Amino acid sequence: MWIPGVIVLLGGCTPLGLWMYEDPRIAVSRVSVARVRAGDSVRVALAVDNRNDYTVEATRVEVALRVDGMPIGSLAYDTLVPLPEEVVSLVAVPLRLGAASTDGRLRRIAPGTHQYQVEGRAEFRTPIGVRHVAFQEEGAMTFGLAARRE
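Every chain is numbered on its own, with residues counted from 1 as its sequence reads. Thresholds applied to this predicted model are a pLDDT of at least 70 for local features of residues and 80 or more for the giving and counting of side-chain atom pairs; totals over whole chains, interfaces and linings are not thresholded and use all residues. Think of the side-chain values as coming from all heavy atoms in the structure, minus any hydrogens and water.

Caption draft 1: Summary view of the pattern of salt bridges. The term salt bridge refers to a pairing of a side-chain nitrogen on Lys or Arg with a carboxyl oxygen on Asp or Glu at a separation within 4 Å. Throughout the structure, instances matching the rule amount to seven salt bridges. Across the salt bridge formed by Arg125 and Glu57, the nearest N and O atoms sit 3.4 Å from each other. You can see Arg125 sitting in strand E6 (residues 112-126) and its partner Glu57 sitting in strand E3 (residues 56-67), a full 68 residues away along the chain. What emerges from the salt-bridge pattern is a single network uniting Arg60, Glu62, Asp78 and Arg121. Helix numbering and strand numbering both begin at the N terminus, where a helix is a DSSP run of H or I of at least 4 residues and a strand a DSSP run of E of at least 2.

This is how it looks when you write it as structure tokens:
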């Protein structure tokens with residue numbers, strides 16, 4: 001009758017090699033367009049939720065943004081961002097504007113609320129190896145005068 005005791009011992013003990021892992025969850029925290037001297041700067045802020053009880057590291061981030069169906073910009077960035085255990089980290093990524101989204105075209109987007117779509121993928125270095133996590137989100141963002149009042 002010692003076998004059930006061993007199974008309980010092995011099943012509940014991480015130091016004996018049974019590892020629990022959960023991919024970080026990625027959500028869009030904010031999408032913003034800001035005026036800078038050389039033109040417009042588009043940023044997507046991601047909330048990355050590492051629910052594990054140990055640090056994982058983001059090693060690559062890929063993000064693409066569309067506003068009202070129009071491609072605005074994208075980013076593919078090799079980086080090393082430690083994500084502490086059991087914490088939601090905010091990571092802001094500046095997008096490179098696509099050929100279709102010149103400064104003039106962005107300025108012509110009427111003030112008010114517009115629909116955005118963000119798609120991306122992140123690569124994480126974890127104790128069980130490299131993991132790829134895709135994410136996708138849609139929502140509303142405000143451009144122009146209405147955005148300045150918020």
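Caption draft 2: Representation of the nonpolar core in the model. Side-chain atoms within 4.5 Å link the members of a nonpolar core, which is a set of buried Ala, Val, Leu, Ile, Met, Phe, Trp, Tyr and Cys residues. Here the term buried applies to any residue with accessible area under 20% of the maximum for its type, exposed to any over 50%, and partly exposed to those in between, with areas from a 1.4 Å probe on protein chains only. If you look at the biggest cluster of nonpolar residues, it comprises 30 residues, and the most contacted ones within it are Val44, Leu46, Val63, Leu65, Val118 and Phe124. Going through the elements one at a time, strand E1 (25-36), strand E2 (39-50), E3, strand E4 (70-83), strand E5 (87-97), E6 and strand E7 (129-143) are the ones with two or more residues in this core. Here the element with the most residues in this core is E3; it accounts for six residues. Contacts between residues were defined by any pair of non-hydrogen atoms, one from each residue, lying within 4.5 Å. Sequence-distant contacts of Val44, that is, excluding residues within four places in its chain, are made with Val28, Arg30, Val31, Val63, Leu65, Val91, Ala92, Val93, Leu95 and Val118.

Caption draft 3: Fine view of the environment of Met70. Assignment of secondary structure puts Met70 in strand E4. With relative accessibility at 14%, the residue Met70 sits in the buried group. C-alpha of Met70 to C-alpha of Gln117: the two residues are 47 residues apart in sequence and 9.5 Å apart in space.

Caption draft 4: Structural detail: unusual backbone geometry. One non-glycine residue, Asp68, adopts positive backbone phi at about 50°. Relative to the helices and strands, Asp68 resides in the loop between E3 and E4. Asp68 sits in the partly exposed class, given a relative accessible area of 47%. Of note in the backbone geometry, Glu86 takes a positive phi value of approximately 50° without being a glycine. With respect to the helices and strands, Glu86 occurs in the loop between E4 and E5. Accessibility expressed as a relative area gives 58% for Glu86, which makes it exposed.

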